[in-house]
Amino acid sequence: MQTRPPGSILGHSVRRREDPRLITGAGRYVDDFNPEGCLHAAFVRSTLAHGELGAVDTSAAAAAPGVVAVLTGEDLQLPGVIAFPMVPPALARPPLARERVRFVGEPVAIVIAESREAAVDAAQQVVVDLNPLPALVDPEAARQGRDGLLFPKHDSNIAGHFAPSNETDALEGAEVVVRARFVNQRLAPVPMEPEAVLASPENGRLTVWATSQTPFGLRAEIAKASGLDEADVRVVVPDMGGGFGAKAGARAEVLVVAAAAHRLGRPIKWMETRSENLVAMTHGRGQVQEIELGARRDGRLVGLKARVLADLGAYPGIALVLPMLTGQMSSGVYEIPVIDYEAHCVVTSTTPLGAYRGAGRPEAAAMLERAMDMLAVELEMDPADLRRRNLIPPDRFPHTTQGGATYDSGEYERALDRLLELSDYSKLREEQARRRTSGDRKQLGIGLSVYVEVTAEGIGPEWGGVHVEPAGTIVVRCGTTSFGQGHETTLAQIAAEQLGVPMEAVRVVQSDTDAVERGHGTVGSRSMQHGGSAVLEAARSVRDKARELAGHLLEADPRDVVFVDGSVGVAGVPERALTWTELAAAAADPARLPEGMEPGLKAEADFAGSGSYPFGAHCAVAEVDVETGDAKLVRFFAVDDCGRIINPLLAEGQIHGGIAQGTGQALFEEVVFDAEGNPLTASLLDYQIPTIGEIPEVVTDVTETPSPNNPLGAKGVGESGTIGSTPAVQNAVVDAVSHMGVRHIDMPLTPERVWRAIQAARS
Ligand code: MCN
């Protein structure tokens, strides 16, 4: 791994400070908070995908033992939620269903009782009168409006349309064109900790412990739903078991629990079950992609035409704009002279879709990288050579693509070269040829993907503050929220490096709207670039002030002041130094300050640099049993570039997790509904996520191409592994059987699908 020069703690593999707490069971999650007199909630949910909602009879449930209240949408009258600014108002979501239900699992009523068991039992006794309407499950049928409208006040099921971006014929001059239809299947995020909330009213204020990636955004929604001022709502996110994008924004159930607690004046807790989580937390991906990729015989790309149909599920939110990101990133790492991209976003009577690790970018990478492999087969070229021929060269940055993205920096060929070396690519190809010649039952497949993605773009500024408290403790505050990424460690590293103190001297405060000024939260792999840069700038200001003050106190020129080993002193005169505690005490005493200096050692910053474009090259090696169709991932190699790395250990951890998740999409995972819109994957017996048994050794390396868009030079890494790995694994499995005539197999590449593809090719 490339790191910074010795002397800087940045670029060093510091172990996560949060781990001792988490692995010894000392972490505190929402369910660990139990205020006195806490009530428990359970939801009554729609059993129909689409229907008119008639009377909801709550009388039996209300009379059940231990029940305190049963509330429906009519009782609570919460305002409809527009989960993303571009969502047409007619498609707003009532947090509890009103008039219609639009997916199986949609909450219809909340039962609040003295115990969780009592609430769950009583929920069974609520009688919901539903008049069935045709289910809208297939996005294409929904687009055509064949089965009617999901929202009668919106004149079609199309909630968004990104019109063709180019009038030029994208395929003009192409000597070879590959055409394909890819299904980028719907996935469930499956965070280890499902949704959890505890809302507790006290002295006119509401404190909400939640599992949220965006506490400030959640606070705003809770305030709106509960009719409170934002200042009267406090959101605290304690330790949190993952989110993967689906815990950004506000879940309907969370708003209902908060509003109910405010109304009843008592604390209420709701812990989601795994099955509820699988049907009611937003899903991700869900695109059908029709693609045409044209090239000349020598492999030079001439154009890409893509038509995307995106399933938004029942209530559109951020999923409405993700296909736009897919379009922006459809150029990938290549120079493609013409891109003609169009997307339709439709509502269906299924679980709503939202952000899921990568959110819009994995769909682009999967589309393009699969098509590149198909083109390589068509041209009888090695997929690595075809890719290399089309890579954007390093001297073209910043580079604006036909998709409309402006890439900050990149060295794609370096990453590809390193990958081929790391994986011993030519040896792998030799082994593949050997197995093909011998007709081995287990054929080897080698799948490449060279990807680029976008992080931190268009999300707004992030806040960071650094305070040297009078006792000398250095407190870092940041508006981002860690839920597995290790910000307690990395943000501390950034401040420690600026102030020349050991990490132990720094305490990180996050995820509490009372303790932090403001924040946009942790989404789009932005925390290091935006949050980290805000902390860096605040720390620099504190350092500048400390330098002035120390110069004054030590009667030295501030330019001679140095920050070493936790003290602030004069260069070359070790005995003339102050501890941070001494400096903080002096800073608090107006009599000891130089003229005009404000008391205190404290600074804050809002950082809002443009986004950055991490990239990398992945190689998956798969073995496919051609008799059974069973595909196994046997090796994985990844070279990733997230600009300047703050902590290689943590960045690598993010890549590992991402690769496991990307492999899950390629091989195992798919959310399935039947024709009536009933979820068929409502438990982890039916929805398969990979375990450690399915993930082989992952060999990683990095390149470091700094981003010019933030002072850390950092790009995001939280989603990259997911983006690069899915097409690599899919390509590997198809590659294993391509010599048998198999051209493409949609994900997930289950044994049955692979077996059927082999049979179809054989016949
Ligand atoms: N890092 C680094 N150097 C960089 C960039 C990042 O060392 N140049 C390291 C840092 O240690 C940082 C971590 O990587 O703590 C992630 O930083 P960053 O890429 O800025 O991403 P965020 O912290 O904003 O995390 C968000 C991202 C997203 S969007 C999803 S979804 C996601 C993910 O992170 N979900 C996760 N990683 C996850 N990891 C866990 N364990 N659980 C989830 O739900």
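This is a predicted model, so every value here is computed, not measured. (Residues numbered from 1 in each chain as written. Predicted model: local features only at pLDDT ≥ 70, side-chain atom pairs only at ≥ 80, totals over all residues. Heavy atoms only, no water.)

Remarks on the side chain of threonine 214
Alright, step 1. Among the structural elements, threonine 214 can be located in the loop between strand S10 (205-210) and helix H6 (215-226).
Alright, step 2. For threonine 214, a relative accessible area of 9% gives the class buried.
Alright, step 3. Discounting residues that sit within four places of it in the chain, threonine 214 has contacts with Lys247, Ala248, Gly249, His520, Gly521 and Val523. (Helix = DSSP H or I, 4+ residues; strand = E, 2+ residues; numbered from the N terminus. Buried < 20%, exposed > 50% of the residue type's maximum accessible area, 1.4 Å probe, protein only. Contact = heavy atoms within 4.5 Å.)

Remarks on the site of the ligand
Alright, step 1. Of all residues adjacent to the ligand, which total 31 residues, the nearest are Gly243, His487, Ser527, Gln654 and Val717.
Alright, step 2. At 2.8 Å from an oxygen atom of the ligand is found a main-chain nitrogen or oxygen belonging to glycine 243.
Alright, step 3. Those elements that place two or more of their residues in the shell around the ligand are helix H14 (487-499), helix H15 (527-554) and helix H17 (648-668).
Alright, step 4. Broken down by element, the residue count for the shell around the ligand peaks at three residues, all from H17.
Alright, step 5. Of the residues that constitute the shell around the ligand, the class distribution is eleven nonpolar, 15 polar and five charged.
Alright, step 6. Looking at which domains feed residues into the shell around the ligand, each of domain 1 (19-26 + 458-607) and domain 3 (284-456 + 611-762) supplies at least three. (Near = heavy atom within 4 Å. Polar contact = N/O pair within 3.5 Å; in protein donor to acceptor, adjacent residues only side chain to side chain. Nonpolar A, V, L, I, M, F, W, Y, C, P; charged D, E, K, R; others polar. Domains from an automatic or database assignment.)

Examining the pairing of strand S20 (residues 474-478)
Regular strands show a simple pattern: their side chains alternate between the two faces of the sheet.
Alright, step 1. For S20, a buried count of four out of five residues is recorded, marking the element as mostly surrounded by other parts of the structure.
Alright, step 2. Relative to S20, strand S19 (residues 462-468) runs antiparallel, the two sharing five bridges. Its bridge partner lying in S20, histidine 467 is registered against valine 475.
Alright, step 3. Taking the residues that link successive antiparallel strands as the turn, the S19-S20 hairpin has five residues, and the phi of glycine 472 there is positive, at about 100°.
Alright, step 4. Note: S20 against strand S21 (residues 506-509), four bridges, orientation parallel. (Pairing = 2+ DSSP bridges.)

Overview of the sheet that holds strand S22 (residues 561-564)
Alright, step 1. Across the sheet, three strands lie side by side as S22-S23-S24; this open sheet has antiparallel pairing. The two strands at the open ends of the sheet, each matched to only one other strand, are S22 and strand S24 (573-579). Neighbour to neighbour, the strand axes of the sheet diverge by 35° on average, direction disregarded.
Alright, step 2. Taken together, the four bridges between S22 and strand S23 (residues 567-570) define a ladder with antiparallel strand orientation. Its bridge partner lying in S23, valine 561 is registered against valine 570. (Axes fitted to C-alpha atoms, helices over the stretch in contact; angles between N-to-C directions.)

Considerations on the sheet that holds strand S26 (residues 615-625)
Alright, step 1. Strand order in the open sheet formed by four strands is S18-S26-S27-S28, and the pairing between neighbours is mixed. One side of each edge strand has no neighbouring strand; the edge strands of this open sheet are strand S18 (442-452) and strand S28 (698-702). The mean inter-strand angle of the sheet, taken between neighbouring strand axes irrespective of direction, is 10°.
Alright, step 2. Alignment of S18 against S26, held across eleven bridges, turns out to be antiparallel. Residue pairing for S26: isoleucine 446 is matched across the bridge by valine 621.

Digging into the domain arrangement of the chain
Alright, step 1. Along its sequence, the chain is carved into domain 1 (19-26 + 458-607), domain 2 (33-133 + 192-242 + 247-280) and domain 3 (284-456 + 611-762).
Alright, step 2. Here domain 2 and domain 3 have C-alpha centroids that lie 37 Å from each other.
Alright, step 3. The partner domain 3 presents 22 residues to the 22 residues of domain 2 that form the contact.
Alright, step 4. The tally of links from domain 2 across to domain 3 stands at four residue pairs in polar contact (both at pLDDT 80 or more).
Alright, step 5. Partitioning the side of domain 2 that touches domain 3 into residue classes produces 14 nonpolar, three polar and five charged.

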